[in-house]
Amino acid sequence: MRRMKAFALPGLIAGLALSTAAAAFPIKAGQGTYQDPGITDDTIKIGLFAPLSGPARAYGEDPLNAARMWYEMINEMGGIWGRKIELVIEDDRCTANDLVAAVKKLVEQDQVFMLNGGSCSAAAVAAQEYVLRNKVPYVMLNASGDGALYPPTDYIFGGISISQRAVGGIAVDFVVKHFNAKKIGYINHDDAYGAWNLETAEYMAKEHGVSLSVESINPNITDVTAPMLKIRAANPDVLILTTYARPAALILKRAHELGFKGPIVLTVTGTANLKQLVENVGTKDAFANFYVQDVINDSPDGPKQRWIIDMYKKRYPDLAAKPDHPTPYMPYGVASAQTVTHALMLAGPNPTRESVARILRTLTFESGVMAGMISFGENDRAGQESSIFLKFDGETQVLQPGVYTSRWTYKP
Amino acid sequence: MTRASYIVAAVAAGALLVLLPLLGSGYIVYLANLMLVYIVLALGLNILIGETGQFGLAHVAFYGIGIYTTAILTGRFDVPFLIAAAAGVLLAGAIGLLLGYVSFRMRDIYLALSTFAFGEAMQWVYRSWDAVTNGPNGMRIKPAELFGFRIATDHDAYPFVLATTIIIIAATVWLRRSRLGRAFRAVRESEPAALAMGVDVRRAKVIAFALSAAYAGAAGGMFASFSSFIHPDSLGFTETILVVTMIVVGGLGSIPGAIVGALVLGAVQELLRQAPSYQEILYGVILILFMMYLPKGLAGAVGNLARRAG
């Protein structure tokens, strides 16, 4: 803990301050009966879920570990308003049916007070109707969850890492400001993610007065020659990729073979394992002019991220000793759990589901983890809409100056 | 097992099914609804693979047709739920008939591959036909209304799902005992022998495809009665394999086997969620043990026990 304090930790300090204030507050959490399930004088139950098995495990396990370590830390400091956080953990397998089953179990069987989970957007959207009907505050873990965030609802909050709608707009903003790009090549997926990020990319391109040459590809594509030839024919100043890692590797390889020299920017959708990306591309030369988007407040090994990494190593020494751990997505879980604890804290000593949801609707705080503030608003249920960029040469990442923020807003 | 013990078991199961919504939480009733859907899916696939011996792997595609047809007709055209669900059954059956007609000359691996391709193509359609299916965003399903009663919860949907399942089980038992059911089994055992016995093999195969698809379409309508969302990712090959596993574990060609297989696999899937680190291994071990020690499935094992006991 001493070591953590040595760093500038706005989020942690905010959490500590709130916890200390709550612990010292003369009003002990109300005694007696509570109108909502999952809350007693001494505990508050939170349903935490993510894909913990199957191929999507890589997206959810470490963010869930991170959220858990944040909750444990809060408990060690006395809990929230004297109540210890009791976690009920479920595996949602990243599928709609399993996530709905997990949510129903948590709400009806385990009687949790609120929900914190979900790493897969489509699956998270499946729970929307149930969550709204039961009026349970639901904060997504690291799913972008755009499908459940727009149009905004009263009980669902997500995009804590970043919403897909923010991803595309920010990438365009970066290439215009950083490279003075006028013609932008843009390769996205022909799925929901692709449609969402393209929407804001087009918005930002229009705002900057630059052109966008778009190629939408299937996430399972095996030959990217055709889209790359079309992109090359458009002769863009810079190429943005909002694809997953596997298609990104194919594109980088082919771009290198075709002699594309312009900067290539890969958004956070494809940056889960950069070491693997280099291996898949097969040559570091393809990364000569390559940039990656990240949504945390520093490079992964930068000083601002140190406290999270140290905390993770302390809590999970065995896991931290494994290769590629913590995963790049790990810190997102901390920000998501912070969102929950901040809302519970601000809801006062006798929180109800309704009061917590009301707090969440206008909650704004500095996480000390993510690139921008976590902030919700009237028509905005996506918490984080900023990112940083790093130049990656196949080995090292160098932080580029500036934090870029999406200016797209949802119009009801 | 004596006749009396069968009756006692049936009465106990019936009482459990009736009391379930009174005793179980929404989560338990949701699982029950899902398992009843699995039962109908398994019964349908059992007609094709277990009864007729045709290795079709497009079952979940027809399930999707049932779900999407119901969701689109109720959501966009305000068609009453029962009519929409019936339309899903008919459409799935009609496309199944067509697929059966096209592929009736194929056998074994070739039939499996061609139906697999159809299943994959249908998932692509669900994922790509944005204007109709809402593509990769998934589609919200409007809450069903039955006789003026709005189905808002899993408890509300349970009587409909249960009643439909019972009707379908009864129809399946009747079908098995019918002339057509005997024709299916004759085709499964030997096509030349069936032909020699005067069975119209082509007709039997095509009808088996259509019926199997219609069952899947019905399962889709049932799913749409209690679920509020469908995503194309839920209609992939993994789901197909799950249903195939259900009828294999239960016992190919057996109605009780398909039912028990669906219940056991459905329960195992849910229980294994509590052991995320080991579930793939445990699932694999369970399947291997079944194949090694119960090659005729649960139905075969229960039959052996009954014979020994009585």
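Residues numbered from 1 in each chain as written. Chains lettered and ligands numbered in written order. Predicted model: local features only at pLDDT ≥ 70, side-chain atom pairs only at ≥ 80, totals over all residues. Heavy atoms only, no water.

**Observations regarding the overall build of chain B**
No. 1: Of the regular secondary structure elements, chain B holds 14 helices and four strands.
No. 2: Since a compact globule built from 310 residues should have a radius of gyration of about 19 Å, the 19 Å found for chain B is in line with a globular shape.
No. 3: Scored against the burial criterion, the 310 residues of chain B give a buried share of 52%.
No. 4: The long-range fraction of contacts in chain B, counting pairs at least 24 apart against all pairs at least 6 apart in sequence, stands at 76%.
No. 5: Here chain B holds 21 positive side-chain charges and 15 negative ones, and the gap between their average locations is 12 Å. (Helix = DSSP H or I, 4+ residues; strand = E, 2+ residues; numbered from the N terminus. Rg over C-alpha atoms; globule rule 2.2 N^0.38 Å. Buried < 20%, exposed > 50% of the residue type's maximum accessible area, 1.4 Å probe, protein only. Contact = heavy atoms within 4.5 Å. Lys, Arg positive; Asp, Glu negative; His and termini not counted. Charge placed at Lys NZ, Arg CZ, Asp CG, Glu CD.)

**Let's talk about the packing of aromatic side chains**
No. 1: Applying the stated criterion across every chain, the model contains 26 aromatic pairs over all chains.
No. 2: Centre to centre, the rings of A:Phe287 and A:Phe290 are 5.1 Å apart; their planes meet at 85 degrees, and the pair counts as edge-to-face.
No. 3: Judged by its relative accessible area of 0%, A:Phe287 falls in the buried class.
No. 4: Taking relative accessible area as the criterion, A:Phe290 reaches 0% and is therefore assigned buried.
No. 5: Consider the rings of B:Phe223 and B:Phe226, whose centres lie 5.5 Å apart with planes at 70 degrees: the pair is edge-to-face. Separated by three residues within a single helix, B:Phe223 and B:Phe226 lie in helix 10 (residues 201–226), roughly one turn from each other. Each member of the pair, B:Phe223 as well as B:Phe226, carries the same accessibility label: buried.
No. 6: By the ring-pair criterion, three or more aromatic residues cluster together here, those being A:Phe174, A:Phe179, A:Tyr291, A:Phe389 and A:Tyr404.
No. 7: Sitting over the face of the ring of A:Tyr155, A:Arg361 holds its NZ or CZ atom 5.6 Å from the ring centroid.
No. 8: The side chain of A:Lys391 reaches across the aromatic face of A:Tyr291, ending 5.5 Å from its centre. (Phe/Tyr/Trp six-rings, centres within 6.5 Å; stacked < 30°, edge-to-face > 60°. Lys NZ or Arg CZ within 6 Å of the ring centre and 35° of its normal.)

**Observations concerning the side chain of A:Gln384**
All names here are of chain A.
No. 1: In this structure, Gln384 sits in the loop between strand 12 (374–375) and strand 13 (386–392).
No. 2: There is a polar contact of 2.7 Å between the side chain of Gln384 and the backbone oxygen of Ser161.
No. 3: Apart from residues lying up to four places away in sequence, Gln384 is in contact with Gly159, Ile160, Ser161, Ile162, Ser163, Val295, Met370, Ala371, Gly372, Met373 and Ile374. (Polar contact = N/O pair within 3.5 Å; in protein donor to acceptor, adjacent residues only side chain to side chain.)

**Some details on the domain arrangement of chain A**
All names here are of chain A.
No. 1: Segmenting chain A into domains produces domain 1 (2–162 + 299–381) and domain 2 (164–294 + 389–405).
No. 2: Taking only C-alpha atoms, the centre of domain 1 and the centre of domain 2 are 30 Å apart.
No. 3: Contacts between the two partners involve 13 residues from domain 1, matched on the other side by 18 residues from domain 2.
No. 4: For the pair domain 1 and domain 2, the summed buried surface comes to about 1,300 Å²; carbon and sulfur atoms form 56% of the total. (Domains from an automatic or database assignment. Buried area = accessible area lost by both parts, 1.4 Å probe.)

**Remarks on the pairing of strand 8 (residues 238–241) of chain A**
When a strand is regular, its side chains alternate between the sheet's two faces.
Residue and element names in this part refer to chain A.
No. 1: Residues of strand 8 alternate between two faces, with Val238 and Ile240 on one and Leu239 and Leu241 on the opposite face, all of them buried.
No. 2: In this structure, strand 6 (residues 183–189) lies alongside strand 8, joined through four bridges in parallel fashion. What sits directly across from Tyr186, in strand 8, is Ile240.
No. 3: Of the strand pairs in this sheet, strand 8 and strand 9 (residues 264–266) are connected by three bridges, and their pairing is parallel. Looking at the pairing, Ile240 lines up with Val265 of strand 9.
No. 4: In this fold, the crossover linking strand 8 to strand 9 by way of helix 11 (residues 245–257) has right-handed handedness. (Pairing = 2+ DSSP bridges. Right-handed = clockwise from strand over helix to strand, strands pointing away.)

**With respect to the interface of chain B and chain A**
No. 1: The interface is formed by 27 residues belonging to chain B together with 28 residues belonging to chain A.
No. 2: The largest per-residue losses of area from chain B upon contact with chain A belong to B:Tyr27, B:Tyr30 and B:Arg273, which jointly make up 25% of the total buried on that side.
No. 3: Seen at the junction of chain B and chain A, the total is two salt bridges.
No. 4: Across the pair B:Asp154 and A:Lys104 runs a salt bridge, and its minimum N-O distance is 2.7 Å.
No. 5: The interface formed by chain B and chain A includes eleven residue pairs in polar contact (both at pLDDT 80 or more).
No. 6: Put simply, the parts of the chain that give the side of chain B that touches chain A at least two residues each are helix 2 (26–51), helix 12 (255–272) and helix 13 (279–293) of chain B.
No. 7: The element that contributes the greatest number of residues to the side of chain B that touches chain A is helix 2 of chain B, accounting for six residues.
No. 8: Residue classes in the side of chain B that touches chain A are distributed as eleven nonpolar, ten polar and six charged. (Salt bridge = Lys/Arg side-chain N within 4 Å of Asp/Glu carboxyl O. Nonpolar A, V, L, I, M, F, W, Y, C, P; charged D, E, K, R; others polar.)

**Examining helix 3 (residues 57–76) of chain A**
No. 1: An ideal rise of 1.5 Å per residue puts 28 Å on 20 residues; helix 3 of chain A measures up with 28 Å between its terminal C-alpha atoms.
No. 2: Immediately downstream of helix 3 of chain A, the backbone of A:Gly78 shows phi near 110 degrees, a positive value. (Expected span 1.5 Å × (residues − 1).)

**Let's talk about the side chain of A:Thr243**
No. 1: Along the chain, the position of A:Thr243 falls in the loop between strand 8 and helix 11.
No. 2: Filtering out sequence-adjacent residues up to four positions away, A:Thr243 remains in contact with A:Ile187, A:Asn188, A:His189, A:Ile217, A:Ala248, A:Ile251, A:Leu266, A:Thr269 and A:Gly270.

**As for the packing of helix 12 of chain B against helix 13 of chain B**
In a packed pair of helices, the relevant descriptors are the angle between the two axes and the axis-to-axis distance.
All names here are of chain B.
No. 1: Look at helix 12 against helix 13: their axes get within 10 Å of each other, and the N-to-C directions meet at 155 degrees. The pairing of helix 12 with helix 13 is recorded here as roughly antiparallel in orientation. Like other packed secondary-structure pairs, helix 12 and helix 13 cross with a definite hand, here right-handed. Listed contacts from helix 13 to Leu265, Val268, Gln269 and Leu272 of helix 12 are Gln279, Leu282, Tyr283 and Ile286.
No. 2: Classifying every residue of the contact of helix 12 with helix 13 by side-chain character gives six nonpolar, two polar and no charged. (Axes fitted to C-alpha atoms, helices over the stretch in contact; angles between N-to-C directions. Parallel < 35°, antiparallel > 145°, perpendicular 65-115°, else oblique. Left-handed = near helix turned anticlockwise from the far one by under 90°.)

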